Amino acid sequence: MENHLYIYVVDRDFGFAPNPFHGFCTLATCKPIIRNNAKLNDWILGVGGRRLEATGRCVFLAKVTEIITFNDYWNDPRFKLKKPIRNGSMVMMVGDNIYHQLPDSTDWLQEDSHHSNADGTTNIENLTRDTSSLNVLISEHFYYFGQSAPIIDLASINYTNHIGHSKKKISEKDVSSFINSIESKFLKSKNLVLDDPFDFDSAIKRVNQVTGKVI
């Protein structure tokens, strides 16, 4: 089966989506189309955008090494530390393990989190968007650069980093040299958080994906 590279512009980088902490880089919220379509061994590349003043830079590169459901993510002890604690440290505040169902219920529970309302109650718009895909993408083969995002040669894979061209799916065979160049250059940085997320100082805030408002 052919593998692919998915590219998207990281508009906001709180450490929530993706969440690179505790030894795993996870995409458990946002980007439902990518979460629904990505397969094992596909790659996800998040590039900076204008708002982060990081156009042409690599925020993260992650290989999908596991795909599980929200309920499995919630119940797996490996990911206990990714459950949000809103009165904890900034890393705790941006935990992305926020969705689960009670036994014999089809209703989704949304934990008090970055995607909740300001008072901690369920944000229905975020819940609806996030749960439109039940997949959580997990990587144990990733490079997360945050504010130290390096400039990368996007032109070599015919990707234009601007609004209106924010997402792309490319066959891995057509970008293997590009991926190998990043891996070889940053080999010692594998599975590490090299720098804080761009918006980490605002980790306490909440975001509405539909309106784009951060409060």
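Preceding block: the structure.
Residues numbered from 1 in each chain as written. Predicted model: local features only at pLDDT ≥ 70, side-chain atom pairs only at ≥ 80, totals over all residues. Heavy atoms only, no water.

Draft legend 1. Quick peek at the pattern of salt bridges. Applying the stated rule across the entire model yields six salt bridges. Residue arginine 12 pairs with aspartate 11 through a salt bridge whose shortest N-O separation is 3.4 Å. Judged by its relative accessible area of 23%, arginine 12 falls in the partly exposed class. A salt bridge links aspartate 112 to arginine 206, with the nearest nitrogen and oxygen atoms 2.6 Å apart. Highlighted residues: aspartate 112 in the loop between β7 (109-110) and α4 (124-130) and arginine 206 in the segment after α5 (176-185), separated in sequence by 94 residues. According to the relative accessible area criterion, aspartate 112 is partly exposed, its value standing at 32%. On the basis of relative accessibility, which here comes to 9%, the residue arginine 206 falls in the buried class. Connected through shared salt-bridge partners, Glu66, Asp76 and Arg78 make up one network. (Salt bridge = Lys/Arg side-chain N within 4 Å of Asp/Glu carboxyl O. Buried < 20%, exposed > 50% of the residue type's maximum accessible area, 1.4 Å probe, protein only. Helix = DSSP H or I, 4+ residues; strand = E, 2+ residues; numbered from the N terminus.)

Draft legend 2. Spatial organisation of the sheet that holds strand β10 (residues 167-171). The sheet built from five strands is open, its strands ordered β9-β4-β3-β1-β10 with mixed pairing. Looking along the sheet, the strands with just one partner apiece sit at the ends: β9 (142-144) and β10. Strand-to-strand twist across the sheet, computed as the mean angle between neighbouring axes with direction ignored, equals 15°. Strand direction decides the pairing type here: strand β3 (residues 43-48) and strand β4 (residues 58-63), joined by five bridges, are antiparallel. The residue of β4 that forms the bridge with tryptophan 43 is lysine 63. Along the sheet, α5 makes contact with β1 (4-10), β3, β4 and β9, crossing β3 at roughly 75°. (Pairing = 2+ DSSP bridges. Axes fitted to C-alpha atoms, helices over the stretch in contact; angles between N-to-C directions. Contact = heavy atoms within 4.5 Å.)

Draft legend 3. Examining the sheet that holds strand β2 (residues 25-27) more closely. Judged by pairing direction, the sheet is antiparallel, and its three strands sit side by side in the order β2-β8-β5 without closing on themselves. Only two strands of the sheet have a single neighbouring strand rather than two, namely β2 and β5 (66-69). Recorded for the sheet is a direction-independent mean angle of 25° between the axes of neighbouring strands. With four bridges joining them, β5 and strand β8 (residues 135-139) adopt antiparallel strand pairing.

Draft legend 4. Local environment of the side chain of histidine 4. By the secondary structure assignment, histidine 4 is in strand β1. When neighbours within four sequence positions are excluded, histidine 4 is seen to be in contact with Asp42, Trp43, Lys169, Ile170, Ser171 and Glu172.

Draft legend 5. Structural context of the nonpolar core. The biggest cluster of nonpolar side chains holds 38 residues, and the ones touching the most others in it are Tyr8, Ile44, Phe60, Val94, Val136 and Leu137. Elements represented by at least two residues in this core include exactly β1, β2, β4, α2 (70-75), β8 and β9. Membership of the second largest hydrophobic core comes to 21 residues, among which are Trp43, Ala149, Ile152 and Tyr159. (Core = buried A, V, L, I, M, F, W, Y, C linked by side-chain atoms within 4.5 Å.)

Draft legend 6. Quick look at the environment of threonine 29. Relative to the elements of secondary structure, threonine 29 occurs in the loop between β2 and α1 (32-37). We classify threonine 29 as buried; its relative accessible area is 0%. Between the C-alpha atoms of threonine 29 and asparagine 161, which are 132 residues apart in sequence, the distance is 22 Å.

Draft legend 7. Local environment of empty space enclosed by the protein. Applying the stated rule across the entire model yields one cavity of 30 Å³ or more. Roughly 80 Å³ of internal volume is contained in the largest cavity. What lines the largest cavity is simply Pro18, Cys25, Thr26, Leu27, Ile44, Phe60, Ala62, Lys63, Val64, Leu137, Ile138 and Ser139. Those elements that place two or more of their residues in the lining of the largest cavity are β2, β4 and β8. The residue makeup of the lining of the largest cavity, split by class, is nine nonpolar, two polar and one charged. (1 Å grid on protein atoms, 1.4 Å probe; cavity = no way out; pocket = protein on both sides within 12 Å on 5 of 7 lines; lining within 4 Å. Points joined across faces, edges and corners; volume = space filled by probe spheres on them. Nonpolar A, V, L, I, M, F, W, Y, C, P; charged D, E, K, R; others polar.)

Draft legend 8. Geometry of the side chain of serine 189. With respect to the element layout, serine 189 can be found in the segment after α5. Those residues in contact with serine 189, other than ones at most four positions away along the chain, are Phe142, Tyr143 and Leu194.

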